[in-house]
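Residues per chain, in single letters:
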Amino acid sequence: HFLADPRACDMSVGWRFNDKVYCVNHKIRADHLIDISIGHAFPVWRWENYWCCGDALQLEVEANVWGIFDHLGAEAALINTDYFIGIPLSYKRGRWSFRLRGFHVSSHLGDEFLLECPEYPRYNPSAEYVDLFVAYEPWDAARIYWGYGHIVHFDSSFHFERNYIETGFETRLPFFQCHMASQCVIARPYYAMHFRLREDNDYRYDATYVLGYEFDKYTHAGGKLRAYLEYHKGCSLEGQFCREQAEYVSVRLGYGY
């Protein structure tokens, strides 16, 4: 997945500061929130040397849940949960890789949130998407990517404009590295940025930046443990709040690919 994509399928938890989107009344605090991501990509089938020597084609299933909690509130209210299921088909050849993916996202306000904010309207911002991404690695520790997506269907209670573009850059940094040879682990800092341009938000500025430290096996065969700072400025990521402007910092710990 993309390191700065706030909707990457991984296992992570963060302490979010100063996200004012959810201050709908005095009962919900937004200066401190816990946001979680629980998910994974599951390989289904892999074809080696599909079109030429050294390339690979892989079919996967992705599943994820994202949730945010007002953990300092009286009821520790669950504010919103987004459920994701996707089927990506990925192809890699040399420094180029491609991903075609169809997926569904279903969003639901938390029961505790609705009890504490009964005046807040409830909609069903569920939709099916298809997108295509292209990525290129200009050197071994860096990747540039860009993609186009289209919403093919959405629930009538929450209308979406259909088109979006996403792009980004990520790199592992060459300094402050630590090699643990006995454990076959390398630890190194990294930096990444991710930009979303959505027709539904009039293509307004929407960016996420991360700076962190990554622990990785020399073999690159397994997942990676990451501790990082995340800064987001743009539109909210959660459900029917997605047209509200958000700006926050999150301290996070994650595990993924």
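Anything mentioned here points back to the structure above.
Caption draft 1: Structural detail: the pairing of strand 12 (residues 224-235). In this sheet, strand 12 lies alongside strand 11 (residues 207-217) in antiparallel orientation, the contact comprising nine bridges. Directly across from Gly 212, in strand 12, lies its bridge partner Tyr 228.

Caption draft 2: Fine view of the pairing of strand 2 (residues 32-48). Where strand 1 (residues 11-17) meets strand 2, six bridges bridge the pair, whose relative direction is antiparallel. Bridging from a neighbouring strand, Arg 16 pairs with Leu 33 of strand 2. Pairing geometry for strand 2 and strand 3 (residues 56-70), over 14 bridges, is antiparallel. From the neighbouring strand, Phe 42 faces strand 3, where its bridge partner is Val 61.

Caption draft 3: Up close: empty space enclosed by the protein. Taken as a whole and judged by the stated rule, the model has two cavities of 30 Å³ or more. What the largest cavity holds in volume is close to 510 Å³. Along its surface, the largest cavity is lined by 30 residues, and Arg 7, Val 105, Tyr 129, Arg 196 and Arg 198 are the ones closest to its centre. Every element with two or more residues in the lining of the largest cavity is listed here: strand 4 (77-93), strand 5 (96-109), strand 6 (127-136), strand 8 (163-172) and strand 10 (185-198). Ranked by residues supplied to the lining of the largest cavity, first place goes to strand 5 with five residues.

Caption draft 4: Focus on the packing of aromatic side chains. For the coordinates displayed, the defined rule picks out 23 aromatic pairs. Judged by centre distance (5.5 Å) and plane angle (45°), the rings of Phe 2 and Phe 133 are tilted. Residue Phe 2 is located in the segment before strand 1, and its partner Phe 133 is located in strand 6; the two are separated by 131 residues in the primary sequence. There is no split in this pair, since Phe 2 and Phe 133 are both buried. Considering the side-chain rings of Tyr 123 and Phe 158, the 6.3 Å spacing of their centres and the 55° angle between planes classify their relative orientation as tilted. Taken together, the positions of Tyr 123 in the loop between helix 1 (111-116) and strand 6 and Phe 158 in the loop between strand 7 (142-154) and strand 8 put the pair 35 residues apart, joining distant regions of the chain. Relative accessible area serves as the criterion here: at 38%, Tyr 123 is assigned to the partly exposed category. Site record: aromatic cluster; members linked through ring pairs are Trp 47, Tyr 50, Trp 51, Tyr 91 and Phe 98. Residue placement shows Arg 243 over the ring face of Phe 160; its charged tip is 5.9 Å from the ring centre.

Caption draft 5: Molecular detail of unusual backbone geometry. Of note, the phi angle at Asn 18 is positive, near 70°, even though the residue is not glycine. Structurally, the position occupied by Asn 18 is in the loop between strand 1 and strand 2. The backbone phi angle of Asp 202 is positive, close to 60°, even though this residue is not glycine. Counting through the fold element by element, Asp 202 comes out in the loop between strand 10 and strand 11.

Caption draft 6: View of the environment of Pro 121. Structurally, Pro 121 is set in the loop between helix 1 and strand 6. Looking at Pro 121, the relative accessible area reads 39%, which means it is partly exposed. In sequence terms Pro 121 and Gln 240 are 119 residues apart; their C-alpha atoms lie 9.7 Å from each other. Dropping the residues within four chain positions of it, Pro 121 is found in contact with Leu 109 and Gln 240.

The rules behind these values
Residues numbered from 1 in each chain as written. Predicted model: local features only at pLDDT ≥ 70, side-chain atom pairs only at ≥ 80, totals over all residues. Heavy atoms only, no water. Pairing = 2+ DSSP bridges. Helix = DSSP H or I, 4+ residues; strand = E, 2+ residues; numbered from the N terminus. 1 Å grid on protein atoms, 1.4 Å probe; cavity = no way out; pocket = protein on both sides within 12 Å on 5 of 7 lines; lining within 4 Å. Points joined across faces, edges and corners; volume = space filled by probe spheres on them. Phe/Tyr/Trp six-rings, centres within 6.5 Å; stacked < 30°, edge-to-face > 60°. Buried < 20%, exposed > 50% of the residue type's maximum accessible area, 1.4 Å probe, protein only. Lys NZ or Arg CZ within 6 Å of the ring centre and 35° of its normal. Contact = heavy atoms within 4.5 Å.

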